[in-house]
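What follows is the residue order along each chain.
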Amino acid sequence: MTKYLTSTSLSGSLLLALCASALAQTVLPPIEIRTPKAFELGQIKVGERRLATPTSPTSQGNGAGGGAGGASSSAAPANADNAPTPKQHTDAFGGYTITNRQIETFARDTLDRAVNIAPGVNAETTGSARNEQNIYVRGFDRWQVPLTVDGVRVMLPVDNRLDFARFMTPDIAEAQIAKGYASVLDGPGGMGGQINLVSRKPSREIESEFRSRVEFGRDGTYQGVQNYGFVGTKKDLYYAQLSGAWQKFDGWLLPASYVSTPIQGWGFRNQSYTQDYSVNAKVGVTPNATDEYSLTFSRQDGDKGAPFHVSQPINTQNNWKWPYWRVQNLYFLSKTKLGDASYVKTRGYWSKYENSILAFDNFGFFNQATPKSFDSHYSDYALGAEVEAGTQFEDIDTLKGLFYYRLDTHTEWQNNYGTNYQGKPKGCVANVPCSFQPVIASLEDTYSVAIENTFHPRKDIDIVGGFSYDWRHLRQAQGFALPQGTITYTPKDMTAPNYQGAVIWRYNGTDADRLYFNVSDRVRYPTLFERFSTRFGGATSNPTLQPERAINYDLGWSTQFAPNARLTVDLFHSWVQNLIQNVPMPIYGPNVTQSQNVGAGRFTGAEVSVDYEPREDFSLGGNLTVMRRRVYAPYIPTFQPIGVPDIKLFLYAGYRPIPEITLTPNIEIASSRWTAYQNTQSYYRTGAYFLTNFNADYQVNNNFKVTVGVRNLFDQLYVLTDGFPEPGRSMYLAVKATF
């Protein structure tokens, strides 16, 4: 407790000292900040409605910080994002956009780290041998909040257990987060919102950027490196770009106050290594000022370890490795203007997903000789197409429609050790597969038709109504179990309507001051995993599982209450029905569960975001989230909703003592959250923390910048998920070159 209070006092003193020294200094001339231009065709509907805030005097803002084209100027416009700290971006539907500059300033190199700076959003590890990072948006997790890249859905068809730590952020121009209200025009599944990663787009005739970041542990031990490169060109009629990111980390160090256990010693976290790389290539044609046609290819590869629970007996834990995790996308996006008031947008894509798990008998990861060991392989692909059309009726009404189609295919197979086709060890040899599970496959079509109408009774009022109808056609679903062998389930289709509406009043005639209210009634279809997976014998199937449904309400107010000052307040409530929970099924055996629609929930909270720039050399801001979740699950009397703190606070300040240097301290505070003892239905609260971070930039010249920083400055020990402590203090040194 003493250390906690000490770190709190020192962190607060650091921010206060920065404020005092900044206000005592002479005002310095503004500098120009260049940030990547967002790829407008890749934006989703909610985020693209926000106010433009260009970051360069010569660029055209896109609301995400814009691009940085043309020659620099000695004078920046009033709304340029050149303050020592980047501005926060909220929209008229309760959403939030994280810009590339925010990601860089606060050193958030992966998506799970980046979302923690947004109000109403948090990430944490799932624990267990999967070693995945999950994201919660106002209490809804990765199953209920779709992830898209340039509007193209990233989905693992069988279970959609995405690991958000695999998505590196240097190549992201902005991350749009729709909370509660996700437009029906962005496709099905947005029950709790949507996260959209928008790639960058060249904005100058010749443009390039190169970054490198090296990280060290609390005692100076080398941890790893991340590199990034981008080259692009923009001409009058076309543009082209190529970019890539690569990171390799040996692991991370636990805090010095961590007490060793027989499973985990003091120092490096066992099996915390990771390696990822991504490439992105884009070409586009712009035949005129309004039309655009673009083709993009992207690929991500990952390899990671899986740390152990620090206190459970080692013989009760899974010894898993992930030799590869791969996502590939090839997609075509277009926009064509028809006449003066209409347009057509298209999106077509091919996506491929591959991953593998290797399970071993022992924690040395060298022996596969018992039924505990296996090699599991997934190979999936998706094909999809969307057509959106819209027209404007004078200045009174805007009508838009969408047709959405997607085909998902899943195939899997498994090599087993220590057991033959009869389920016995006869004839098995160590480290040689003894039986081979045949390839099983599932195929599913998803359709959606949507319409959205925006009525403008006055120039300062928008009334939005949306409706969509989704349906899923299950062509084939297979499973495998011994002694039955391959199981072919009876396909069952699903259909569901979705409704939403919103009212936005820009009461001073601009987007700077607005009052808004919206309601969104959306469904989330259960995954193949929830319906059919036997989970290595730990579950029984439920082909009749029904969709979850949530009705989300949001009341918000945003105002520029003073020059260079903005305040946004959101009150939200979600009513969740048919929540899917794992229910014990003792009639099928001990520790066997089944996914059932047994739950109902109420998620209620408030968000506050503030930005203030009292001087051109000093700025500060932050956001606060207060939230309460209640879930009723009658078959699990002890059930508690895990993963989300009741209170979350992010505060920061920026000071530029001379034009070349920017100092940015920030603090993260969170209250405790519910977690479950591993492999049980017993819950307790953990995870309260107070973290202090610091970043210092030195702009050597217009093309070169050096950054040093530290995370978790006071080396606090905290645990968000039972048995999985978080990293201790780490330091980094980064360089960035732009041309």
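Fair warning: this is a prediction, and the values are worked out from it, not measured in the lab.

The helix and strand inventory of the protein stands at 4 helices and 37 strands. Taken over the C-alpha trace, the protein has a radius of gyration of 26 Å; the compact-globule value for 739 residues is 27 Å, and the two agree within 12%. Projected onto its principal axes, the C-alpha coordinates of the protein cover approximately 80 × 60 × 50 Å. Looking at the 739 residues of the protein, the share that counts as buried comes to 59%. Once local pairs closer than 6 in sequence are excluded, the contacts in the protein between residues at least 24 apart make up 66%. When the accessible surface of the protein is totalled, it reaches about 28300 Å², and 61% of it is carbon and sulfur.

Structurally, the position occupied by Glu607 is in strand S27 (residues 593–615). For Glu607, a relative accessible area of 3% gives the class buried. Of note is the side chain of Glu607, whose polar atom sits 2.8 Å from the side chain of Arg138. If we ignore the near neighbours within four places in the chain, the residues touching Glu607 are Pro119, Gly120, Arg138, Lys179, Thr568, Val569, Asp570, Phe572, Leu624 and Thr625.

Below, the discussion takes up the nonpolar core. The biggest cluster of nonpolar side chains holds 63 residues, and the ones touching the most others in it are Ile98, Leu111, Ile135, Leu147, Ile177, Ile195 and Leu197. Setting aside anything within four residues of it in sequence, one finds Ile177 in contact with Gly95, Tyr96, Ile98, Val115, Ala118, Val121, Val137, Gln194 and Ile195. Val46, Ala92, Tyr181 and Ala182 belong to the second largest nonpolar core, which has 11 residues in total.

Mapped onto the fold, Asn280 is located in strand S13 (residues 274–285). The class of Asn280 is buried, set by a relative accessible area of 7%. Setting aside residues no more than four positions away along its own chain, Asn280 makes contact with Asp171, Gln241, Leu242, Ser243, Thr296, Phe297 and Ser298.

You can see Tyr632 is positioned in strand S28 (residues 618–632). According to the relative accessible area criterion, Tyr632 is exposed, its value standing at 57%.

Scanning the model with the defined rule gives 46 salt bridges in all. The shortest N-O distance in the salt bridge between Asp81 and Arg101 comes to 3.3 Å. One end of the pair, Asp81, is in the loop between strand S1 (37–38) and strand S2 (89–90); the other, Arg101, is in helix H2 (residues 100–105), and 20 residues separate them in sequence. We classify Arg101 as buried; its relative accessible area is 7%. Measuring nitrogen to oxygen at the nearest pair gives 3.9 Å for the salt bridge that ties Arg711 to Asp109. Taken together, the residues Arg711 in strand S34 (residues 704–711) and Asp109 in the loop between H2 and helix H3 (111–114) connect sequence positions 602 residues apart. Here Arg711 and Asp109 have matching classes, each one buried. Each member of the salt-bridge network shares a partner with another, and the members are Glu104, Arg200, Glu207, Glu209, Arg211, Asp697, Lys705 and Lys736.

To continue, consider unusual backbone geometry. One non-glycine residue, Asn131, adopts positive backbone phi at about 50°. Position of Asn131 among the secondary structure elements: in the loop between strand S4 (121–125) and strand S5 (133–137). Notably, Gln271 is not glycine yet its phi reads approximately 60°, a positive angle. With respect to the secondary-structure elements, Gln271 resides in the loop between strand S12 (238–249) and S13.

For the rest of this paragraph, the subject is the confidence of the model for the protein. Confidence along the protein averages 89 in pLDDT terms, with 91% of residues attaining 70 or more. Put simply, helix H1 (residues 2–23) is where the protein has its lowest mean pLDDT, 48, and strand S30 (residues 661–670) is where it has its highest, 98. Across residues 1–10, confidence stays below pLDDT 50; counting only partners more than four residues off in sequence or on other chains, it has 11 contacts. Here residues 49–78 is modelled with pLDDT under 50, and outside its nearest four sequence neighbours on either side it reaches 91 contacts, counting other chains as well.

On the secondary structure map, Lys648 appears in strand S29 (residues 647–658). You can call Lys648 buried: its relative accessible area is 8%. Each C-alpha atom of the pair Lys648 and Tyr689 lies 9.7 Å from the other, and the pair is 41 residues apart in sequence. Among the polar contacts listed, one links the side chain of Lys648 to the backbone oxygen of Asn116, at a separation of 3.0 Å. There is a polar contact of 2.7 Å between the side chain of Lys648 and the backbone oxygen of Ala118.

Now for the pairing of strand S17 (residues 374–393). Consecutive side chains along a regular strand alternate between the two faces of the sheet. Here strand S16 (residues 342–360) runs beside S17; their pairing, made up of 18 bridges, is antiparallel. What sits directly across from Tyr349, in S17, is Gly384. Here 20 bridges tie S17 to strand S18 (residues 397–416), and the two strands are oriented antiparallel to one another. Opposite Phe374, over in S18, you have Asn416 as the bridge partner. Taking the residues that link successive antiparallel strands as the turn, the S17-S18 hairpin has 3 residues, and the phi of Glu394 there is positive, at about 55°.

The rules behind these values
Residues numbered from 1 in each chain as written. Predicted model: local features only at pLDDT ≥ 70, side-chain atom pairs only at ≥ 80, totals over all residues. Heavy atoms only, no water. Helix = DSSP H or I, 4+ residues; strand = E, 2+ residues; numbered from the N terminus. Rg over C-alpha atoms; globule rule 2.2 N^0.38 Å. Buried < 20%, exposed > 50% of the residue type's maximum accessible area, 1.4 Å probe, protein only. Contact = heavy atoms within 4.5 Å. Areas by Shrake-Rupley, 256 points an atom, 1.4 Å probe, with all protein chains shown as cover. Polar contact = N/O pair within 3.5 Å; in protein donor to acceptor, adjacent residues only side chain to side chain. Core = buried A, V, L, I, M, F, W, Y, C linked by side-chain atoms within 4.5 Å. Salt bridge = Lys/Arg side-chain N within 4 Å of Asp/Glu carboxyl O. pLDDT = per-residue confidence, 0-100. Pairing = 2+ DSSP bridges.

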